[in-house]
Amino acid sequence: MVLSAAMDYRLPATVVPKRYDLRLEPDLVAATFAGEAVITVEVETTVTEIVCNAAELAIQSAALTRDGSVPIHGSITLDEANERARFVFPAAIAPGEWKLTLRFTGTLNDRLHGFYRSTYKDAAGAAHTIAATQFEATDARRGFPCWDEPAFKAVFGVTLVVAETLATVSNSAVAREESLGDGRRAVQFADTIRMSTYLVAFVVGELEATEPVMVGPTPVRVWCVPGKKALARFALDVGAYSLAFFERYYGLPYPGDKVDLLAIPDFAAGAMENLGAITFRENALLVNEAAASHAELERIADVVAHELAHMWFGDLVTMAWWNGIWLNEAFATFMELMAVDAWKPEWRRWTTFGVSRAAAMQVDGLEATRSIEYEVRNPHDCRAMFDLLTYEKGASVLRMLEQHLGPDVFREGVRLYLERHRYANAETTDLWRALGDASHQPIPAIMDGWIFKPGYPVVTVDLDGVGLKLSQRRFQYLGGETDRGQRWRIPVVLRAAVKRGYVERRLLLDGEEASVELPAKADWIVVNSGGHGFYRVRYGPALLKKLANAAMKIAPIERFNLLTDSFALAQAGLMPAVDYLDLTARFTAESDRNVWTALNSSLAHVNRLIRDELRGGLASLVRHRLAEKVSLLGWEVQEEETELDRQLRGDLLRTIGTLGDDEEVQARSREAYTRYRDDESSVDANVLPAIIAILATAGGEAEYSEFRDRFKNARTPQEEQRYLYALAGFRQAELLGQTLEMTLNGEIRSQDAPYVIRSLLGSVYGRGLAWDFIKGNWQVMARQYPESAYTRMYEGVSALVSADWEREVRAFFAENKIDLGGKTLPQYLEQLRVAVAFQEREAEALGAYLSRQKSR
Ligand SMILES: [Zn+2]
C-alpha cells in the first residue's frame, strides 16, 4: 500500500483524544511553566505506541491507566524536527478508553507564539510580565502535548495555578478557585465545548476587566493592563452588537459561556479567535473614541466583529484540515462586513470594502498568484494562506455569490451548514452543498473557477451596433496580451443609460464572448454595476470616453472601480499611463473617500517609479487634483458632515501636504499643531493624524525628537501608532537612520518593527536606507521578529523601483536562500518586476507629461 504524502504530516488516527484535563503552572519571573495533561483517549485498534505533537517541551513522564488500573509507564522519544512525541509501552494497549497522563515543562518564549511572555512598562516605568498564548496554526504543541490537528476536537478542562495577585483567563468561565496557601491559587475553568487545539487560550498577568455587558445570558468583557479600562467602551459596544447580530444571522446561540476580549501588549497578529478568550493587539481593541479617527475606529469594529463571527464559523464548525483556512477567514471577513454595515450603515462598509478587494486583485493579477484553496500537506504551508487572497478575495467571491443567490437564500444555506456540522469539522464542499440545498442552484459549477483556479478575468466591452459585445480572458500585469484560455463563470451586472432612463442586464458570462441587446443606443454603460464582481472591466475607447464624461453620475463604488481598473490596465501596458493621469483630472470634485483613496494611492505609486527631478511635477499634479476638494472641505468640522467626510478631510490634507508638498498646508499644519499642544480639542481627531504625518514630511530634528517622546509616552494605542509611523515619514537620512536603529534595539516592539521597516521601504526618502539596513541585519531580524511580521516586512521591496535595485533584490534572496513560505516571495519579486517594467515602458512619456505639470 502506498501512503499519500500527506500522511507524513498527519498523526495516526489509531488513538484519538476525547478530553484534556490540563493543569498548568506558569512562572512569570523565571519565564517557565510546568504542566500535567490527563488526556482521555479512545484507542481504536491494539497499539504499543502513541504518537502526538509536542515542540520545545520536556516531557518527564507518560503513563496509561484504565478504570483506575496500575499505570503502564511508557518510554518517551521527542522528535523536534517533526514536532512529535512518541510513547512506547511495554505491553499491547487494547482498544477502548484510556487515560494518558503526561508531565512536562516548557519555556515562556519571546517569539509571540505558543505559550509566550509579553512585557510592558507601566506609567511609572516599572516592568511587568504577562503570559499569553497564540496557538494557531500549529503552536498548541508548544503549550502542552496534544493532537494538534483541527479535526481532533476534544473537550478541555483547564486549571491554571497562578500567584494570588494575578488574574487569569481561559476559554470558559471560572468554575472554582482554591488557595494553595503558598501565595498561589488554582483556578479551574468550566469544560469547553468540543473544539480544536488551536483555539485553546491561557492568559495570566496583572490584568483588569470591565464590568460585563450582557448579551442574553452571555457576559462580554474587555481585559487590559491596569489603567487602560477607560479605552474599552467602543470595543464593548461593537462586541455586544456583533454578538447579538450573529446569533440572529446564524440562527444559533453563542456556543460558549462568556466572551472575554483581551488586549495583549505584545501580539504578532491582529487578533485571535480563541473561543471565549479572544486576544488582540492593543490597537485593535482599545481606543479613546473621542480622540480617534474614523479609520482607527473602523479597524477596531472590523477586527472585533471578525473574531466574534469566528465563534460559530471556525470555532463551532471547523475546517477539517488547513486547506480550509481560506473559508474560515474569508467567511469571517464577509460576516465582519455584514455586522459592521448593520451596526453603522452610515459607514457604508460594503463600499469601503472596495479598497480591500482592489488590494486582493493586485496580488491576484500576478503570475505568482495562487488559487484561493490549494492542497496543504505540511501544516507550515498554510502560513502562506493568511494573506489578501484568503481574506479579501475570499470575502469578495462570497459577496459576489451572496448577491447572485440573494441574501436570504444565502443565509439559509449558511444556517444549514452550521446546523449540520456543529461541534464537528467540515470541508468547503459541505458549504457548497448546503448553499445548493438552500438555493437549488449548482454552486460548485459557479464557484470552482473562483476558488480552485488562480487569477480573475478582465471583461472587455465594445459597442456592437445598438448592443454590446462582452468577452473575457485572464487579467495579468505581465504578458497581459497572451490569452491562455482560462475562463470563468462571471455573474455580470451591467447598466446602460438610454433615453433618459436606465436598463439593467444580468447574465452569467460563462464562455468566451456574449452579446447584450439594448433597446436603444446607450449614452454610457457601466459594467460591474454595483461593484460586487471580482473582475476588471476594459472599455473600448468610445465607451471609456462616454463613461469618463458621465463619471459623476455613476455610483461611488463604480467610480472607484473605473479608477482602479484603469490604473491596473496602465500597469499592465494596456492603457498609456498619461491617459490614466488625464482620467484622474475628471475627479477633482469627487466626494467619496474610497475613490480618493484609489486616486491618491495610484499617484503615490507613480511617485515611486519616477526620477527625482520629476517629483516637483508630480507634486504639482497632486495639488491640482486635490485643491478644489481641500478648499471646499476646509480645516474645520462642518455641521451636517458625515464621519466619512471628516475622514476624507484628513486623507486629503495628508496627501496634499506630503505627496503634494503643499507649503501652505504644511504651514497651517504647524500652526494647528502648536494650538493642539495647548488645547487638544482644537484639532479634529481625523485631521490630527494627517497633521502629524505632514509635520514629519516637512519637519526636522525638533519635530523628530518631539514625536519620538510622544511615541514613548503615548496615552492610547492609536497615539502610539501615529507617532511611531511618523518616525518613518521624515525626509532626512540622519533621522530615518535613528528610526531604523530603534527597530532593533528594543525601542520599537518586535510586533511593530517589521511594519515600520516596510513603511520606510515605501518612502522614496527612506527606501535606500531601509534596504541597506535589511541587508546588514536580516539575520538578527529573522531571530527577533515574529515570523508572520518578518515575512510581511519584505513586501516593501516591491517599492525599490529601479533596474539596479531589482537585480540586487533578486540576488539577495537567492544568495541568502530566504524562503518566505508558499508563493509569498515570488509575489513580492513579481510586483517589483511589474513596477520596473512600468517604469521602463513609461519613463519618457511620464517625463514629458510631468515636466509640463511643473510649470502649472
Ligand atoms: Zn480570522
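See the structure printed just above.
In this report, we go over the structure that sits alongside the text.

About the thresholds
Residues numbered from 1 in each chain as written. Predicted model: local features only at pLDDT ≥ 70, side-chain atom pairs only at ≥ 80, totals over all residues. Heavy atoms only, no water. Core = buried A, V, L, I, M, F, W, Y, C linked by side-chain atoms within 4.5 Å. Buried < 20%, exposed > 50% of the residue type's maximum accessible area, 1.4 Å probe, protein only. Helix = DSSP H or I, 4+ residues; strand = E, 2+ residues; numbered from the N terminus. Donors = N, O, S within 2.8 Å, 3.2 Å for Na, K, Ca; no water. Axes fitted to C-alpha atoms, helices over the stretch in contact; angles between N-to-C directions. Parallel < 35°, antiparallel > 145°, perpendicular 65-115°, else oblique. Contact = heavy atoms within 4.5 Å. Nonpolar A, V, L, I, M, F, W, Y, C, P; charged D, E, K, R; others polar. Pairing = 2+ DSSP bridges. Right-handed = clockwise from strand over helix to strand, strands pointing away. Phe/Tyr/Trp six-rings, centres within 6.5 Å; stacked < 30°, edge-to-face > 60°. Expected span 1.5 Å × (residues − 1). Polar contact = N/O pair within 3.5 Å; in protein donor to acceptor, adjacent residues only side chain to side chain.

### Let's talk about the nonpolar core
- Membership of the largest hydrophobic core comes to 302 residues, with the highest contact counts inside it found for W147, Y250 and Y794.
- If you tally residues by element for this core, the top one is helix α3 (residues 325-343), at 13 residues.

### Description of the coordination of the zinc ion
- Protein-derived coordination of the zinc ion comes from H306 (NE2), H310 (NE2) and E329 (OE), at a distance range of 1.9 to 2.1 Å.
- You can call E329 buried: its relative accessible area is 2%.

### Some details on the environment of A269
- Relative to the helices and strands, A269 is located in the loop between β19 (259-264) and β20 (271-272).
- Taking relative accessible area as the criterion, A269 reaches 33% and is therefore assigned partly exposed.
- The sequence separation of A269 and G766 amounts to 497 residues, and the corresponding C-alpha distance is 25 Å.

### Some words on the packing of helix α2 (residues 294-310) against helix α14 (residues 643-657)
- At a minimum axis distance of 9 Å, the contact between α2 and α14 shows a crossing angle of 120 degrees. By the criterion of interaxial angle, the relationship of α2 to α14 is oblique. Contacts between α2 and α14 involve H294, A295 and L297 from the first element and E643, L644 and Q647 from the second.
- A breakdown of the residues in the contact of α2 with α14 according to their chemical character gives 3 nonpolar, 2 polar and 1 charged.

### Notes on the pairing of β19
- Most of β19 is tucked away: 6 of the 6 residues are buried.
- Of the two faces of β19, the one carrying V259, L261 and A263 and the one carrying D260, L262 and I264 are both buried.
- Bridge count for strand β18 (residues 218-224) against β19 is 4 bridges, and the pairing is parallel. If you follow V222 over to β19, its bridge partner there is L261.
- Handedness of the β18-helix α1 (residues 233-250)-β19 crossover: left-handed.

### Notes on the packing of aromatic side chains
- Summed over the entire model, instances satisfying the criterion amount to 44 aromatic pairs.
- Here the aromatic rings of F135 and F144 are separated by 6.1 Å at their centres, their planes lie at 65 degrees, and the arrangement is edge-to-face.
- Overall, the relative accessible area of 0% leaves F135 in the buried class.
- Aromatic pair Y794 and F812: ring centres 6.4 Å apart, planes at 45 degrees, arrangement tilted. In this pair, Y794 is assigned in the loop between α22 (787-793) and α23 (803-815) and F812 in helix α23, connecting sequence segments 18 residues apart.

### Brief notes about the sheet that holds strand β27 (residues 501-509)
- With respect to topology, 3 strands assemble into an open sheet ordered β27-β26-β29, the strand pairing being antiparallel. A strand with exactly one partner marks an edge of an open sheet, and here the two such strands are β27 and β29 (524-527). Sheet twist, expressed as the average angle between the axes of neighbouring strands with direction ignored, equals 20 degrees.
- Across 4 bridges, the pairing between strand β26 (residues 490-498) and β29 is antiparallel. Bridged to A497 within β29 is W524.

### A closer look at helix α5 (residues 388-405)
- Between the first and last C-alpha of α5 there are 24 Å, a value that for 18 residues agrees with the 26 Å anticipated at 1.5 Å per step.
- For α5, the side-chain oxygen to backbone nitrogen distance between the N-cap and L389 is 3.1 Å, and the N-cap itself is D387.
- Two residues or fewer past α5, G406 is found with a positive phi of approximately 100 degrees.

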